[in-house]
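# Breakdown of the fold
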Amino acid sequence: MKYPARFGAAMLATIFALAAAGSPANAQKRAERPWINTGLGPDARADLVIEAMTLNEKIQLIHGTGIPCDEPVTPENANSNRGVGYIPGIPRLGIPAINMADSAYGVRPSAVNGRYSTALPANLATAASWDLHAAYEYGALIGRELRAQGYNMSLGGGVNIAREPRNGRTFEYLGEDPILAGKMVASLIQGTRSADVITDIKHFAFNDQESGRMAVDAHIDERSARESDLLAFEIGVTEGEPDAVMCSYNRVNGNYACENDFLLNQVLKKDWKFQGFVVSDWNATHSTEKASKAGLDMEQPYDVFYGDRYKKAVESGKIPVAELDAHVHRVLRSLFDSGVIDHPHERVEIDPFSDLEIARKIEESSIVLLKNDEQILPLAPERWKSIAVIGAHSDVGMISGGGSAQVDPPGGNAIMPPGQRHTKWMKPVWFPTSPLRAIAARAPGAEVKYDAGTDPAAAAALAKSSDVAIVFAYKWSTETVDHYSLALSEDQNKLIAAVAAANPHTIVVLETGNAVSMPWVKAPAAIVEAWYAGSDGANALANVLFGAINPSGKLPITFPISDEDLPRKTVKQPPVESQDTPAFWNLPKSERGKGLPPFDENYSEGVKVGYKWFDAENRPVLFPFGYGLSYTTFGYSDLKVSGGDMVTVSFTLTNTGQRLGAEIAEVYAALPAAANEPPKRLVGWSKVTLAPGEKKTVTVEVDRKFLSIFDVGKNAWSLLPGDYTLLVGGSSRDFPLKTKINLK
Ligand code: BGC
């Protein structure tokens, strides 16, 4: 049938929907299942389902059925998609199963399913782009690939701030500043939501170290808590609107996070008005009645506390039915709100090439140029006739972050042990993206030679006989373990020093998931932080090295000079009895559920995380938060600030150099002395692309909350009247513009 052109697709869809809605079959379906009415809101629809549910069906929705991707098939999870978590559906009521997949920087258990995923650059890398649109694209890609692989719930959205930069999961998070991290995770979540999957934010809260994560009791005062780690979550929850919040393994001020009334009921559900459900981290549930009352809605991955025990507690009246219904309501409302019920997923083929391009572009905007003496970069191919590429398996691949974030890239591990077909827990994975090949492709007239870097003398000899040497260094990170220190391995420090001593035209490329120290920093001509670079990292890197792309990333985390400069000289280790040793994991599940004896970690630095600590202590750093070079230069002028509902900061930004480039213009505020805050805090930024000579007026609207302190007595953010200094520039330690405004 042909319709007149003026009938757009939307109008046709409405006509068909109305016709279908009016059919007798649909009328009957609606009478039986009134919640299929999309005209109702998610809360009303969830309540209608609850009215029709049995007790067993309700209990089924609040606990997991094991870890299908790692464990033998059971009758409960036989129909699962073999992800890391599964809740069977209730076909009688038209409620679909929930299939969960880890998805920090891509969809994780793909190879087990015979499907691959695009590995994006590490989350920390994306934070270095300071680009909210890039974060949205990042999340949207994950959402699409989840759906394509048959999953309808993401376990991503990590936003614990880098209070402890040696944390083994720093690469999965978004840096040290709560406003940058919160805004970026909110965009990422919105992107994932666009694919109609249940989205998640994690690990709530203060899961700031991996050492003894199952036992550690993080102590922090409320004001510092609200203004630091919790602020990142507050922005993520209120602006990103995830459907799920994952509570963490650790304790906070005496109570496990997953049975912590303050965190779950008071802060998350009451103050932030979070409507979705709280899911425990895997094996982070420790009680039935206490957890339920404190606001935990769902136990994962088993049913130790939220299965039979929960049912008995309801039957005996220990847990009121209304409390169970409140948890079930949150799960159901999320199924409606996310679109999982109204837009059921179908497996589809993903386009690996367009997704690779997205991964590459995000990496291109995330690479940070840390040093560039005499503008050695970008490399002009005609100048360099011989190039030495050295170290870190740069002939075949680039390193990625491990643990539950690990993605199996297309092509598998570039350094795969014989007989192994897919990635393994706690084993480094090298994405098959070859810097050597990417560099050689951009320098067709040069002789490009590789040295593995295992013998510094041999590597130095090759460097000496080459025009330019590019030496790669890496630091692998993974969930469950922290770094002993900020240092690279001794071998790599020696290698870099030897190569740089042999050739003044040495460029160091770092593949790290956190800040590293650089005892050799003065020696090389250039230093590039490429992070964990993702599936097409080598092309992104080579585009930056040869100038097809002008670098624009800025550090989302301070690079300290040494561990000695941090609030804690080392990461506090648990006593033996608080360690989750293999013996602990061999205990029956119910025994494990009892948990481990606490050990205290005092976050006495409070709000002074990252640059706030270094500013307050007046300490020099290696590279400051917010820092990053470009192949062009930028000028700042004409600062104007005005108050109002939002504080408006505007200034002129000029590209004063010879190349097109993007600048991240950062706005910081120093609060009145009475606020008793660290010297300054980031309050906004804008990433602006300018042609050579071009200038633009840049306006940054600053939310008054970001200029406030958290007043614990009033349980609210409060702006203290007084003089605020606004500082504008290209890093947290370089402010060409500065002015004061009196705010009330
Ligand atoms: C991690 C979570 C992850 C879960 C499921 C836990 O060990 O902390 O981030 O989502 O496992 O794999």
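Report on the accompanying structure.

Quick notes on the rules
- Residues numbered from 1 in each chain as written.
- Predicted model: local features only at pLDDT ≥ 70, side-chain atom pairs only at ≥ 80, totals over all residues.
- Heavy atoms only, no water.
- Helix = DSSP H or I, 4+ residues; strand = E, 2+ residues; numbered from the N terminus.
- Rg over C-alpha atoms; globule rule 2.2 N^0.38 Å.
- Contact = heavy atoms within 4.5 Å.
- Areas by Shrake-Rupley, 256 points an atom, 1.4 Å probe, with all protein chains shown as cover.
- Lys, Arg positive; Asp, Glu negative; His and termini not counted.
- Charge placed at Lys NZ, Arg CZ, Asp CG, Glu CD.
- Pairing = 2+ DSSP bridges.
- Axes fitted to C-alpha atoms, helices over the stretch in contact; angles between N-to-C directions.
- Expected span 1.5 Å × (residues − 1).
- Buried < 20%, exposed > 50% of the residue type's maximum accessible area, 1.4 Å probe, protein only.
- Salt bridge = Lys/Arg side-chain N within 4 Å of Asp/Glu carboxyl O.
- Near = heavy atom within 4 Å.
- Polar contact = N/O pair within 3.5 Å; in protein donor to acceptor, adjacent residues only side chain to side chain.
- Nonpolar A, V, L, I, M, F, W, Y, C, P; charged D, E, K, R; others polar.
- 1 Å grid on protein atoms, 1.4 Å probe; cavity = no way out; pocket = protein on both sides within 12 Å on 5 of 7 lines; lining within 4 Å.
- Points joined across faces, edges and corners; volume = space filled by probe spheres on them.

Once that is clear, we can look at the overall build of the chain. Scanning the chain from terminus to terminus reveals 21 helices and 27 strands. Relative to its length of 744 residues, the chain is compact, with a C-alpha radius of gyration of 26 Å against a globular reference of 27 Å. Along the first, second and third principal axes, the C-alpha atoms of the chain reach 80 × 75 × 65 Å. Of all intrachain contacts in the chain linking residues separated by at least 6 positions in sequence, the fraction that spans at least 24 positions is 75%. Working note: accessible area of the chain is about 27500 Å², and carbon and sulfur atoms make up 53% of it. On the chain, the mean spot of the 74 positive side-chain charges and the mean spot of the 88 negative ones are 2 Å from each other.

Taken together, six strands build an open sheet; the order of strands is S10-S17-S16-S15-S11-S14 and the sheet is mixed. Two strands in the sheet have a free side with no partner beyond their single neighbour: strand S10 (368–372) and strand S14 (447–451). With strand direction ignored, the average angle separating the axes of adjacent strands in the sheet is 15°. Bridging between strand S16 (residues 506–512) and strand S17 (residues 526–529) involves four bridges; their strand directions are parallel. Paired with Val509 across the two strands is Val528, which belongs to S17. Seen against the sheet, helix H17 (residues 490–502) touches strand S11 (386–390), strand S15 (468–475) and S16 and runs at an angle of roughly 170° to S15.

Turning our eyes to something else, we now look at helix H9 (residues 229–240). The first and last C-alpha atoms of H9 sit 16 Å apart over twelve residues, in line with the 16 Å expected at 1.5 Å per residue. Counted residue by residue, H9 has ten buried out of twelve residues, so it is predominantly covered. Restricting attention to buried positions, one finds in H9 the residues Asp229, Leu230, Leu231, Ala232, Phe233, Glu234, Ile235, Gly236, Val237 and Gly240. In this structure, the buried residues of H9 make contact with helix H7 (178–193), strand S4 (200–204), helix H8 (222–227), strand S6 (244–247), helix H10 (261–271) and strand S25 (716–718).

Should their charged atoms come close, side chains of opposite charge can pair. By the definition in use, this model includes 43 salt bridges. With its nearest N and O atoms 3.0 Å apart, the salt bridge here joins Glu364 to Arg360. In this pair, Glu364 and Arg360 both sit in helix H14 (residues 352–364), four residues apart, roughly one turn of the helix. In this structure, Glu364 and Arg360 share a single accessibility class: buried. Lys714 is the salt-bridge partner of Asp711, the closest N and O atoms lying 3.7 Å from each other. Assessed through its relative accessible area of 58%, Lys714 is described here as exposed.

Right, let's get into the site of the ligand. By nearness alone, 14 residues border the ligand, and Asp102, Arg169, His203, Asp281 and Glu479 come closest of all. Contact between the ligand and Asp281: an oxygen atom at 2.6 Å from a side-chain N or O atom of the residue. Glu479 is positioned such that a nitrogen or oxygen atom in its side chain is 2.7 Å from an oxygen atom of the ligand. By residue class, the composition of the shell around the ligand is five nonpolar, two polar and seven charged.

Empty space within the largest pocket amounts to approximately 750 Å³. Lining the largest pocket are 34 residues, with Asp70, Val84, Arg108, Ser404 and Trp425 positioned closest to its centre.

With respect to the helices and strands, Glu666 occurs in strand S21 (residues 661–670). At a separation of 2.7 Å, a polar atom in the side chain of Glu666 contacts the side chain of Tyr668. Glu666 has contacts with Trp130, Lys554, Gly626, Leu682, Gly684, Trp685, Leu727, Val728, Gly729, Gly730, Ser731 and Ser732, leaving out every residue within four places of it along the chain.

Attention now goes to the sheet that holds S21. Here four strands make up an open sheet; going across it, the order is S22-S21-S26-S27 and the pairing antiparallel. A strand with exactly one partner marks an edge of an open sheet, and here the two such strands are strand S22 (681–690) and strand S27 (737–743). Taken pair by pair, the neighbouring strands of this sheet meet at an average axis angle of 20°, ignoring direction. Pairing of S21 with strand S26 (residues 722–729), which is carried by five bridges, proceeds in the antiparallel orientation. Looking at the pairing, Ala669 lines up with Leu726 of S26.

Taken by themselves, the reported measurements are silent on function.
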